[in-house]
Amino acid sequence: MLELLKKNKVFDGWHEQYTHASQTLNCKMRFSIYLPPQADAQQPVPVLYWLSGLTCTDENFMQKAGVFQAAAQHGIAVVAPDTSPRGDDVADDDGYDLGKGAGFYVDAVEPPWKEHYQMYSYITKELSMLIESSFPVSDVRSISGHSMGGHGALTIGLKNQDAYRSISAFSPICNPINCPWGKKAFTAYLGEETNIWKQYDACEIIKHTKVTRPVLVDQGTQDEFLLEQLHPEALEQVATAQGADITIRYQPDYDHSYFFIASFISEHIKFHAQNMAITDVQVTLNPVL
């Protein structure tokens, strides 16, 4: 059962925040949803699922990214879940890059994590079913995210291409099996067997999967995590080798922050709208600059 926490009108639509009891994660979870003015039970709107990065909750993107105007223009609902299970009985770590706020969008198989950390199944199954049964939205979906959430968007989108029309990411962790963040998280959640790790690595997935959906990646050249953690060059190399439809844009002087996301989010919304085959915008708003 959904519990409404907040409701705010914005660009003639509604931003709403809810909690619910998750059977997948065995805890109470929170998510935010933006319903554009076009949302109507007689004509459900498509949904963009946004996955946030390390230390974030459902609130960071909704409050900082400036997504509402473009979402309202194109008639797209936006759903931002939390980045991990929460609660006093949920396992955690002293580091910011493991445990609460760092679910990495995988299904953990190692104790103590496996009891709650089933974020892959939560995003791909429970959350989408809950959203589609509770709000005036359709089953037309796309997925996007930032950093750890960019990793989540790429891996979830690529492994479930029938479920998502398009995939995008800002500053994604492209090759987690070969970076410190990924190695730490995957060892904890998935154990020492690296073949399991590869199931959650976009570069490895592309080696064995035909990419049938368009993918857009934006990466800032002044990102402080670019060289050690993100490795977009690995994604670029495997995409070229496999002939995959992946566009990787390097944006000069941008960093890893929400300033970067806010600068290009309207382009990502337009990208997803085009791939969701949205051609009729039912309200007129001031243009996105």
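Preceding this paragraph is the structure being described.
These numbers come from a predicted model, not from an experiment.

The rules behind the values
- Residues numbered from 1 in each chain as written.
- Predicted model: local features only at pLDDT ≥ 70, side-chain atom pairs only at ≥ 80, totals over all residues.
- Heavy atoms only, no water.
- Buried < 20%, exposed > 50% of the residue type's maximum accessible area, 1.4 Å probe, protein only.
- Helix = DSSP H or I, 4+ residues; strand = E, 2+ residues; numbered from the N terminus.
- Pairing = 2+ DSSP bridges.
- Polar contact = N/O pair within 3.5 Å; in protein donor to acceptor, adjacent residues only side chain to side chain.
- Contact = heavy atoms within 4.5 Å.
- Bend = angle between axes of the 7 residues up to and from the residue.
- Core = buried A, V, L, I, M, F, W, Y, C linked by side-chain atoms within 4.5 Å.
- Expected span 1.5 Å × (residues − 1).
- Disulfide = S-S within 2.5 Å.
- Salt bridge = Lys/Arg side-chain N within 4 Å of Asp/Glu carboxyl O.
- Phe/Tyr/Trp six-rings, centres within 6.5 Å; stacked < 30°, edge-to-face > 60°.
- Lys NZ or Arg CZ within 6 Å of the ring centre and 35° of its normal.

1. Structural notes on the pairing of strand β8 (residues 215–220)
Consideration 1: A large share of β8 lies buried, amounting to 6 of its 6 residues.
Consideration 2: Here β8 shows two buried faces, one formed by V215, V217 and Q219 and the other by L216, D218 and G220.
Consideration 3: Bridge count between strand β7 (residues 167–170) and β8: 4 bridges; the pairing is parallel. In the strand pairing of β8, A169 is matched with V217.
Consideration 4: Two elements, β8 and strand β9 (residues 246–251), share 6 bridges in a ladder whose sense is parallel. Opposite L216, over in β9, you have T247 as the bridge partner.

2. Considering the environment of I76
Consideration 1: Position of I76 relative to the elements: it lies in the loop between α2 (68–74) and β5 (77–81).
Consideration 2: With 80 residues separating them along the chain, I76 and I156 place their C-alpha atoms 20 Å apart.

3. A look at the side chain of D97
Consideration 1: Within the element layout of this structure, D97 appears in the loop between β5 and α3 (119–134).
Consideration 2: At a separation of 2.7 Å, a polar atom in the side chain of D97 contacts the side chain of K184.
Consideration 3: Leave out the neighbours within four places in its chain, and D97 touches L54, A102, F104, W181 and K184.

4. Re α3
Consideration 1: Of all bends in α3, the biggest is about 35 degrees, found at L127.
Consideration 2: Tucked into the core, α3 has its buried residues touching β2 (13–22), β3 (27–35), β4 (45–51), β5, β6 (137–145) and α4 (148–159).

5. As for the nonpolar core
Consideration 1: The biggest cluster of nonpolar side chains holds 69 residues, and the ones touching the most others in it are F104, I123, I131, F186, Y189 and L235.
Consideration 2: Per element, the largest residue contribution to this core is 7 residues, and it comes from α3.
Consideration 3: Look past the residues within four positions of F104 in its chain and what remains in contact with it is L54, D97, M148, H151, I173, W181, G182, A185, F186 and Y189.
Consideration 4: L48, A70, A72 and I261 belong to the second-largest nonpolar core, a separate cluster that totals 26 residues.

6. Focus on α4
Side chains that are three or four residues apart share a direction in an α-helix, a result of its 3.6 residues per turn.
Consideration 1: Given a rise of 1.5 Å per residue, 12 residues ought to cover 16 Å, and the 17 Å separating the end C-alpha atoms of α4 matches this to within 8%.
Consideration 2: When you tally the buried positions in α4, you get 11 out of 12 residues, the bulk of the element.

7. Focus on the state of the cysteines
Consideration 1: Summed over the entire model, instances satisfying the criterion amount to 0 disulfides.
Consideration 2: No disulfide involves C179; its sulfur sits 9.5 Å from that of C174, the nearest cysteine.

8. Description of the pattern of salt bridges
Consideration 1: One pass over the full model with this rule turns up 11 salt bridges.
Consideration 2: R86 is paired through a salt bridge with D82; the nearest N and O atoms lie 2.9 Å apart.
Consideration 3: Given the relative accessible area of 25%, R86 is considered partly exposed.
Consideration 4: The class of D82 is buried, set by a relative accessible area of 4%.

9. Some thoughts on the packing of aromatic side chains
Consideration 1: Going through the model one piece at a time under the given rule, you end up with 17 aromatic pairs.
Consideration 2: Aromatic pair W113 and Y189: ring centres 5.4 Å apart, planes at 85 degrees, arrangement edge-to-face. One end of the pair, W113, is in the loop between β5 and α3; the other, Y189, is in helix α5 (residues 180–190), with 76 residues separating them in the sequence.
Consideration 3: Classification of Y189 by relative accessible area gives buried; the value is 0%.
Consideration 4: Of the aromatic side chains, those joined through ring pairs into one cluster are W50, F61, F170, Y254, F260 and F264.
Consideration 5: Its guanidinium or amino end placed over the ring of Y120, K159 lies 4.8 Å from that ring's centre, counting from NZ or CZ.
Consideration 6: The cationic tip of K159 hangs over the ring face of Y200; the distance from NZ or CZ to the ring centre is 4.6 Å.

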